[in-house]
Amino acid sequence: MTFPSISMDNVIKILLALSQYPILSSRIRHQMRKALFTRGIITKATFDEEARVKAVETQQREGLHNPYVEEKTDVWETRLARVRDSLTDFYFAYNLPYAEFENVVREVLTERGSVDSDFIWFNPELAPRELLFEQAEIIESMPPQERKKYEARLKEIIVVLIRTMVSDQLKYIKMARQWFTVGDLQEIRRRKIGGGKIGGKAAGMLLAMRIIKETAPPEIRDSFRIPVSYYLGSDVFYNFLTFNGLVHWNDQKYKTEEQMRADYPTLCGDFLKGQFPSEIIERLDEILTEAGNTPLIVRSSSLLEDNFGTSFAGKYESIFLPNQGTADEKLSALTNAISRIYASVMDPDALLYRHLKELADYDERIGILIQFVEGKKVGRYYFPQAAGVAFSRNLYRWSPQIKQEDGFLRLVWGLGTRAVDLVADDYPRLVALSHPSLQSSSDVRTTKRYSQHNVDVIDLESNTFTTVPVREIIHADYDPIRYIAQVEEDNYLATIRSKLASPEKMVITFDGLLSRTSFAANIREALKLLENHYDSPVDTEFTVEILNPDEQRPNVRITLLQCRPQSHIQESNEVQIPIELRNEDIVFSTQRMVPQGVVQNIRYILFVPSEGYFNLTSQAERSQLERTIGRLNAALMGQTFIAVGPGRWGTSTPDLGVHVSYSDIYNARALVELAGEAIGASPEPSFGTHFFQDLMEAQIYPVAVFLDDADSIFNRDFFYATPNHLEEFVPVENPRVLESLRLIAVSDYRPNHHMDLIMDANKSRAVAFFVKDGLIKANPKKQ
């Protein structure tokens, strides 16, 4: 349509007037269009079609060749809304006097807040996001009495915004709608890049912080914050696939495991070659400009992550970026990190996990969480003063006085990676929040041996994430040193009081942080609040900064990085260990760090002998063992079996235990870790690691048997003198693998018997013992 020239006076007047009513502008323009349609100046159909055509023309001027595919839905909606507004202003100014516009404004201002007004005039499910925010802001700005009339409408808008911007998980929405304000959602929108949702990891962090702000006492509320964060929307993932011709990889989840694993290296290579649209690059550049040389971490935030019953802990990548170098180098590192995380959506272990959780058919788009790394520069390195994971429920108590409901920490110096992974011969500080200073051993040599010896840091000079021995960077001049470490003196651990203290004698214990600051009390209370409002135990990730270390009782800042429902086994209250158990009927028993539960009718034991396992000298042989365990796990589906092996199940370091993933052992009912000097395995439990979360979700009990304990029992004849049934279930080509893996039938050792495993956390005792087939025990007495 061609328009004759007009005076610009009315247009300018209308635009100036609308600028005075930014919140009401959508309502005013709605009434302006209503007047145009009613008076026959233009029909609604003609108006809508013209707006659509002109919006497409603006796309083409921007170089979009296939506008319906290349532009995200929310961007198109914004574009169309702006074109509609411009056309409204134009038609009204050309056809009607300015006095008519004044009447419209006066009418809208008179209607505002009136219960009889035509206030609710659009469907929030279909309306542009801009309109949702404008109407929500109108309602929030009303006086309390008037606002009550529209509380249901406000709640509806907030739910729609949460579902379309944050998460579509119903349990999450039910909680979040009670806490998020329109201002909170506006801030999320401001920091979100691209269309879609921000995903589970970002959603959990934001909700937890909102709950703490609203419910915690001032001294606790003021000690918590979240890091500077930006969110790459989940739609960007699919746009990335389309933009780079990678959509054909989207069917990986329906391939066999062998195909998944064979394809994955090629898939990763294709993803790393991918490019991002210019509008995404521009926003990423803005983040890098704001960050300067501050390191970043790029984290997955998928739609399914950190949900109730499916944590996806450690399934997708998180990548630290030192963020040093030229602007182009920084941008290249950031886009490569995002591409790697996108590729990890197709990681075979993640896909198998989804199958096991019956989530393979779910549309698993992935958001990206970009955060400024918390920390301080120490020489050439950058890292936080402390970091870790916190749980509102302590599932493993090494002393009867420890209260389960007060929570538990895994605490490390430096980046928190060492708190969530099982790493080589290194140990976090385990903290029972009911008794923060209580160590699992009072022996100084044991405390020193099972303390942290390496620290994960960002090396600013080499522009890398790296691991450094503690002794190389710890020193007495480090400001918070007396809160992080103690010094060994005459066979006891003392507070560091002199700058002459030798780094060689320092031991990371966090004794000062736990006993001389409010840190332990604050995080314990925050966990209780979160558990109460989540209506579920929770686990969180965090960093710690001691703000004024020279004061007698310094303030502590806790930065919340993540919060999700804590994975836990459904505990059985009917835990009864028979009193009259003979030693010859016991297969193994332990009295330390015992969970609560029962596994009955065990027919098979998958056993990894320490002698055979640690004699596997090549990675190829250990990989063969891992694959054999995985095949055996699949072959034993439907059978009740447990797995017993040396050291840590699921460790990333094969020298410390059996290096398997969740997909290799998910059919087992319990994983028993053998620890002791004789087999060279550590007693530090896996509680709190990503692998541990998988076990909890799958209702697999982790049990540690400390062979050096005088009250532990381990029946060697049962494990070593029985036939090996392995080759009856899976083929084994390498005889050395056969020596390192045994499948034991309980009935071979004791005919017509099976085995029960009873774990009593209250008495801190777990016992596996023989039970005659068909025997029905009536109310066995508790020991």
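Residues numbered from 1 in each chain as written. Predicted model: local features only at pLDDT ≥ 70, side-chain atom pairs only at ≥ 80, totals over all residues. Heavy atoms only, no water.

**Comments concerning the overall build of the protein chain**
Each helix and strand counted, the protein chain has 32 helices and 28 strands in total. Split into buried and exposed, the 783 residues of the protein chain put 57% on the buried side. Taking the contacts inside the protein chain whose residues are at least 6 apart along the sequence as the reference set, 75% of them involve residues at least 24 apart. Roughly 33,500 Å² of accessible area belongs to the protein chain as shown, and the carbon and sulfur atoms make up 48% of that amount. (Helix = DSSP H or I, 4+ residues; strand = E, 2+ residues; numbered from the N terminus. Buried < 20%, exposed > 50% of the residue type's maximum accessible area, 1.4 Å probe, protein only. Contact = heavy atoms within 4.5 Å. Areas by Shrake-Rupley, 256 points an atom, 1.4 Å probe, with all protein chains shown as cover.)

**Some thoughts on the packing of aromatic side chains**
Counted by the stated rule, this structure contains 23 aromatic pairs. Ring centres of Phe320 and Phe465 lie 5.4 Å apart, and the angle between their planes is 10 degrees; this geometry places the pair in the stacked category. In this pair, Phe320 is assigned in strand S5 (residues 318–321) and Phe465 in strand S13 (residues 464–469), connecting sequence segments 145 residues apart. A relative accessible area of 18% places Phe320 in the buried class. By relative accessible area, Phe465 is classed as partly exposed at 36%. Between Phe718 and Phe719 the ring centres are 5.1 Å apart and the planes differ by 85 degrees, which places this aromatic pair in the edge-to-face class. Neither residue differs from the other here; Phe718 and Phe719 are each classed as buried. Within the aromatic cluster, the residues linked to one another by ring pairs are Phe607, Phe714, Phe718, Phe719, Tyr720, Tyr749 and Phe770. One Lys or Arg, Arg191, reaches over the ring of Tyr230 and ends 4.8 Å from the middle of that ring. One residue, Arg716, lies across the ring of Tyr720, its end atom 4.3 Å from the ring centre. (Phe/Tyr/Trp six-rings, centres within 6.5 Å; stacked < 30°, edge-to-face > 60°. Lys NZ or Arg CZ within 6 Å of the ring centre and 35° of its normal.)

**Looking at the packing of helix H2 (residues 25–38) against helix H5 (residues 73–95)**
For any two helices packed against each other, the geometry is given by the interaxial angle and the distance between the axes. In contact at an axis separation of 10 Å, H2 and H5 are set at 55 degrees when each is read in the N-to-C sense. Relative to H5, the element H2 is oriented oblique. In this structure, H2 meets H5 at a crossing whose hand is left-handed. Between H2, through Arg29, Met32, Arg33, Ala35 and Leu36, and H5, the contact on the second element is made entirely by Arg84, Asp85, Thr88, Asp89, Tyr91 and Phe92. By residue class, the composition of the contact of H2 with H5 is five nonpolar, one polar and five charged. (Axes fitted to C-alpha atoms, helices over the stretch in contact; angles between N-to-C directions. Parallel < 35°, antiparallel > 145°, perpendicular 65-115°, else oblique. Left-handed = near helix turned anticlockwise from the far one by under 90°. Nonpolar A, V, L, I, M, F, W, Y, C, P; charged D, E, K, R; others polar.)

**Observations regarding a negative patch on the surface**
Together, Glu282, Asp285, Asp328 and Glu329 make up a negatively charged patch on the protein surface. Listed by contribution, the elements that provide at least two residues to the negative patch are helix H16 (278–291) and helix H17 (327–344). Topologically, Glu282 is positioned in helix H16. (Patch = residues over 30% accessible without salt bridge, like charges linked within 9 Å, V, L, I, M, F, W, Y side chains within 5 Å. Salt bridge = Lys/Arg side-chain N within 4 Å of Asp/Glu carboxyl O. Lys, Arg positive; Asp, Glu negative; His and termini not counted. Charge placed at Lys NZ, Arg CZ, Asp CG, Glu CD.)

**Observations concerning unusual backbone geometry**
For Asn601, which is not a glycine, the phi torsion comes out positive at approximately 60 degrees. Within the secondary structure layout, Asn601 lies in strand S20 (residues 597–602). Residue classification places Asn601 among the partly exposed residues on the basis of a relative accessible area of 33%.

**Points about the sheet that holds strand S11 (residues 429–432)**
Here six strands make up an open sheet; going across it, the order is S2-S18-S17-S9-S10-S11 and the pairing mixed. Either end of the sheet is taken by a strand with one partner, and the two such strands are strand S2 (224–225) and S11. Here strand S9 (residues 386–391) runs beside strand S10 (residues 408–412); their pairing, made up of five bridges, is antiparallel. Bridge pairing links Phe391 to Phe408 in S10. Packed on one face of the sheet, helix H12 (residues 200–215) meets S2 and strand S18 (556–565) and runs near 125 degrees to S18. Running at roughly 150 degrees to strand S17 (residues 538–546), helix H24 (residues 519–534) makes contact with S2, S9, S10, S17 and S18 of the sheet. (Pairing = 2+ DSSP bridges.)

**Let's talk about the pattern of salt bridges**
For the structure on display, the rule yields 40 salt bridges. Note that Glu62 and Arg79 form a salt bridge whose closest N and O atoms lie 2.9 Å from each other. Taken as a pair, Glu62 in the loop between helix H3 (44–61) and helix H4 (67–70) and Arg79 in helix H5 lie far apart in primary sequence, 17 residues in all. Judged by its relative accessible area of 11%, Arg79 falls in the buried class.

**Regarding the nonpolar core**
Considering soluble globular proteins, one finds that nonpolar side chains tend to be buried as a cluster. Counting 88 residues, the largest nonpolar core has Trp413, Leu513 and Phe519 as the members making the most contacts within it. Per element, the largest residue contribution to this core is nine residues, and it comes from H12. Ignoring sequence-local partners within four residues, the contact set of Leu513 consists of Ala386, Leu411, Tyr483, Phe519, Val544, Ile546 and Val556. Among the nonpolar cores identified, the runner-up in size contains 37 residues, and Ile287, Leu288, Tyr342 and Val345 belong to it. (Core = buried A, V, L, I, M, F, W, Y, C linked by side-chain atoms within 4.5 Å.)

**Overview of the sheet that holds strand S15 (residues 492–495)**
Taking strand neighbours across the sheet as the criterion, the three strands line up as S15-S14-S16 in an open arrangement whose pairing is antiparallel. Every interior strand has two partners, whereas the edge strands, S15 and strand S16 (506–508), have only one. For this sheet the average axis-to-axis angle between neighbouring strands, irrespective of direction, equals 45 degrees. Here four bridges tie strand S14 (residues 485–489) to S15, and the two strands are oriented antiparallel to one another. Opposite Val487, over in S15, you have Ala494 as the bridge partner.

**Concerning H16**
With 14 residues, H16 should reach 20 Å at 1.5 Å per residue; the first-to-last C-alpha distance of 20 Å fits that figure. Among the residues of H16, Ile280, Leu284, Ile287, Leu288 and Ala291 are the ones counted as buried. Axial view of H16: buried residues confined to an arc of 95 degrees, hence all on one face. Along H16, exposed side chains directed more than 90 degrees from the buried face belong to Glu282 and Thr289. Buried residues along H16 sit in contact with strand S1 (192–193), strand S3 (229–232), helix H14 (235–243), strand S4 (296–302), H17 and strand S6 (366–372). Where H16 terminates, the next one or two residues include Gly292, which has phi positive at roughly 65 degrees. (Expected span 1.5 Å × (residues − 1). Arc of directions from axis to C-beta.)

**As for the packing of helix H7 (residues 129–140) against helix H9 (residues 151–165)**
At a closest axis distance of 10 Å, the pairing of H7 and H9 adopts a crossing angle of 145 degrees. Remark: the crossing between H7 and H9 carries left-handed chirality. Between H7 and H9, the residues in contact are Arg129, Leu132, Phe133, Gln135, Ala136, Ile139 and Glu140 and Arg153, Leu154, Ile157, Val160, Leu161, Thr164 and Met165, respectively. Each residue belonging to the contact of H7 with H9 can be placed in one class, and the counts come to nine nonpolar, two polar and three charged.

**Notes on the layout of surface pockets**
With a probe scaled to a water molecule rolled over the atoms, the places where space remains empty come into view. Put simply, the second largest pocket is a space of about 1,200 Å³. Lining the second largest pocket are 37 residues, and of these Glu71, Lys72, Asp74, Val75 and Glu279 sit closest to its centre. For the lining of the second largest pocket, the residue count by class is 13 nonpolar, six polar and 18 charged. (1 Å grid on protein atoms, 1.4 Å probe; cavity = no way out; pocket = protein on both sides within 12 Å on 5 of 7 lines; lining within 4 Å. Points joined across faces, edges and corners; volume = space filled by probe spheres on them.)

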